[in-house]
Amino acid sequence: MNTYRIPRSWLMLALGTGGQTASTTALYGLAYLIPAFREDLGVSLAGAGVLVSCPIAGILLGLVGWGVVADRYGERLALGAGLLSAAAAMAGAAVAEGTLVLGVLLVLAGAFGSSVNSASGRLVIGWFPPDRRGVAMGVRQASQPLGTALAAAVMPPLAQYGGLAAALGLSAVLCGATGAATALFAVDPPRSVRPAGARAPAPYREGGHLWRLHGVAAALCVPQFVVTGFALLFLTGARGWSAAAAGAGLAAVNLAGAAVRLLAGWWSDAVGSRIRPMRWLAAATAADLALLTAGAALDSPVGTAALLLASALTVSTNGLHNTAVAEYAGPDWAGRALGVHGMGQHTAIVLVPPLAGALIADRGYPPAFALAAGCAALAVVLLPAADRAPRTAWTAPADGDRPRPRAGKAADQCARRASRAGTAGGAPTARR
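Summary of the structure given here. Counting starts from 1 at the beginning of each chain's written sequence and moves along it residue by residue. Two thresholds apply to this predicted model, a pLDDT of at least 70 for residue-level local features and 80 or more for giving and counting side-chain atom pairs, whereas whole-chain, interface and lining totals are computed over all residues. In computing side-chain values, all of the structure's heavy atoms are included and hydrogens and water are not.

### Section: the overall build of the chain
We count a stretch as a helix when DSSP gives it H or I for four or more residues in a row; a strand needs E for two or more, and each element gets its number in order from the N terminus. A tally of helices and strands in the chain yields 15 helices and 0 strands. Working definition: with a 1.4 Å probe on protein chains only, accessible area under 20% of the residue-type maximum means buried, over 50% means exposed, and in between means partly exposed. Split into buried and exposed, the 432 residues of the chain put 51% on the buried side. In this analysis, two residues are considered to be in contact whenever any of their non-hydrogen atoms come within 4.5 Å of each other. Residue pairs at least 24 apart in sequence account for 83% of intrachain contacts in the chain once pairs closer than 6 positions are excluded. Accessible areas in this description were obtained via Shrake-Rupley with a 1.4 Å probe; residue shielding takes into account the shown protein chains only. A total of about 18,100 Å² of accessible surface is found on the chain, and carbon and sulfur atoms cover 67% of it.

### Here we look at unusual backbone geometry
With a phi angle near 55°, D299 is a residue other than glycine that sits in the positive phi range. Mapped onto the elements of the fold, D299 is located in the loop between α10 (275-298) and α11 (301-313). Relative accessible area serves as the criterion here: at 54%, D299 is assigned to the exposed category.

### Some details on a nonpolar patch on the surface
Grouping into patches uses exposed residues only, defined as over 30% relative accessible area, and leaves out salt-bridged ones; the cut-off is 9 Å for like charges and 5 Å for nonpolar side chains (Val, Leu, Ile, Met, Phe, Trp, Tyr). Criterion for a salt bridge: a side-chain nitrogen of Lys or Arg within 4 Å of a carboxyl oxygen of Asp or Glu. Taken together, the side chains of L11, L184 and F185 define a hydrophobic patch exposed on the protein surface, amounting to about 320 Å² of accessible area. Its location among the elements puts L11 in helix α1 (residues 8-28). You can call L11 partly exposed: its relative accessible area is 39%.

### Digging into the packing of aromatic side chains
Under the pairing criterion, centres of Phe, Tyr and Trp rings, with the six-membered ring standing for Trp, must be within 6.5 Å; the plane angle then separates stacked pairs below 30 degrees from edge-to-face pairs above 60, leaving the rest tilted. For the structure shown, the criterion picks out 5 aromatic pairs. Aromatic side chains W10 and F128 sit 5.3 Å apart centroid to centroid with 85° between the ring planes, which places their arrangement in the edge-to-face category. Of this pair, W10 sits in helix α1 while F128 sits in the loop between α6 (115-127) and α7 (130-185), and the two are 118 residues apart along the sequence. With a centroid separation of 5.7 Å and 20° between ring planes, the pair formed by Y365 and F369 is classed as stacked. You can see Y365 and its partner F369 sitting in helix α14 (residues 365-382), 4 residues apart, about one turn around the helix. As far as burial versus exposure is concerned, Y365 and F369 are alike and both buried. Its end group placed over the ring of W333, R336 keeps NZ or CZ at 3.9 Å from the ring centre. Here, a charge over a ring means that NZ of Lys or CZ of Arg falls within 6 Å of the ring centre while also lying within 35 degrees of the ring normal.

### Quick word on the pattern of salt bridges
For the structure shown, the criterion picks out 8 salt bridges. The salt bridge partner of R122 is E75, with a shortest N-O separation of 2.6 Å. In this pair, R122 sits in helix α6 while E75 sits in helix α4 (residues 75-94), placing the two residues 47 residues apart along the sequence. Like R122, the residue E75 is buried in the burial classification. In this structure, the salt-bridge partner of R239 is D299, at a minimum N-O distance of 2.8 Å.

### Focus: the packing of α4 against α6
To get an axis, a line is fitted to the C-alpha atoms, and for a helix only the part in contact is used. The angle between two axes follows their N-to-C directions and goes from 0 to 180 degrees. Where α4 contacts α6, the axes come no closer than 9 Å and their chain directions differ by 150°. Read as a crossing pair, α4 and α6 show a hand that is left-handed. Here α4 contributes E75, A78, L79, G82 and L83 to the contact with α6, which in turn contributes S115, V116, A119, S120, R122 and L123. Gly is put with the polar residues, along with every residue not named as nonpolar or charged; the nonpolar set is Ala, Val, Leu, Ile, Met, Phe, Trp, Tyr, Cys and Pro, and the charged set is Asp, Glu, Lys and Arg. For the contact of α4 with α6, the residue count by class is 6 nonpolar, 3 polar and 2 charged. Left-handed describes a crossing whose near helix is turned anticlockwise from the far helix by less than a right angle; the clockwise case is right-handed.

### Digging into the side chain of S171
Within the secondary structure, S171 sits in helix α7. Look past the residues within four positions of S171 in its chain and what remains in contact with it is A26, M90 and M155.

### Brief notes about the environment of L13
Here L13 lies in helix α1. Residues L13 and V124, spaced 111 residues apart in sequence, show a C-alpha to C-alpha distance of 5.5 Å. L13 has contacts with V124, F128, A136, V139 and R140, leaving out every residue within four places of it along the chain.

Have a look at this one:
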């Protein structure tokens, strides 16, 4: 009698996705508490904005350090310690007295919570073979819009009826629960055995492949945050939509964006490349933003349709470039490489909204949308010509831990697995 067992890889994906969702809600959801910050603490709008940015500053401080911890000591330690420490910082923030103390604790929460950005991707990639990593990382990346949606749904009413302590306390509970689950159930992916004292070569010394991927991700963050940051204002102010209609429409396209991430991951698995789908999606984003620019300048309905499409397109490549970075960096450097990768993106998160806002206030929407289109086009140019195999291959999970093939495709799966036996732990290869 055959007993079906959930593969360990899916459990690791659930843990990584849960941790990412919790940290997104806690660290990126503070924007929904701006009214509560102003009412309960008596701070100005600018002061509330500073508090919202405190966790982002902490993330920038902690990304590379947690990457080193994950590379040297494993994902379980990095994720468990980071999330539990973030929970402690958030619990302190919930009872903090004084804006300065609150800000310091929020910076600490971001620094601790950044372990998820550096280590959860490693955990997922290490437990999935190359032909399933795209979809797996798409699931993990979908946790970001889900976490934001959760924050939007629960933070304002909690702050209204229970005060800031209730909203920040929920963040502490989410981080604590996922941190405890990771510490108890996470298993570090298998690694190749190395001789004592041997170290893998730094991938940054082998040409500019990783630096180009970092540049692509940073460039693609510009259109993403121009669109997400100002879509609501554009629809309500320039197009005359009601706030309710605009909110509902943007919520729908954000959910579509999560689905697009999954489809992009599936596409990259199917063609055996992360770079090719990324190039097509970046080019489509640039073309759509060019339509948005023209539609905004001419006050055309085409601009509205292009904006809604851009809300999904601009997030479509997130899982692909993260996967490409981790695969090329290899298991000995993936944590640090993902940390550096995240620093460029979070720098854009900090800089793009105020700079784009100033440009829109001075020149209107078309120049800001044109800048976003130019950055997407720049990403197409910066992309490497093709995927590159890592210097140190990822160790393939044992067959018992792999996702189980569907019965109707068992023979085909076995044949494909045999054909990849020599490269199962490395980067994807193109299929014909």
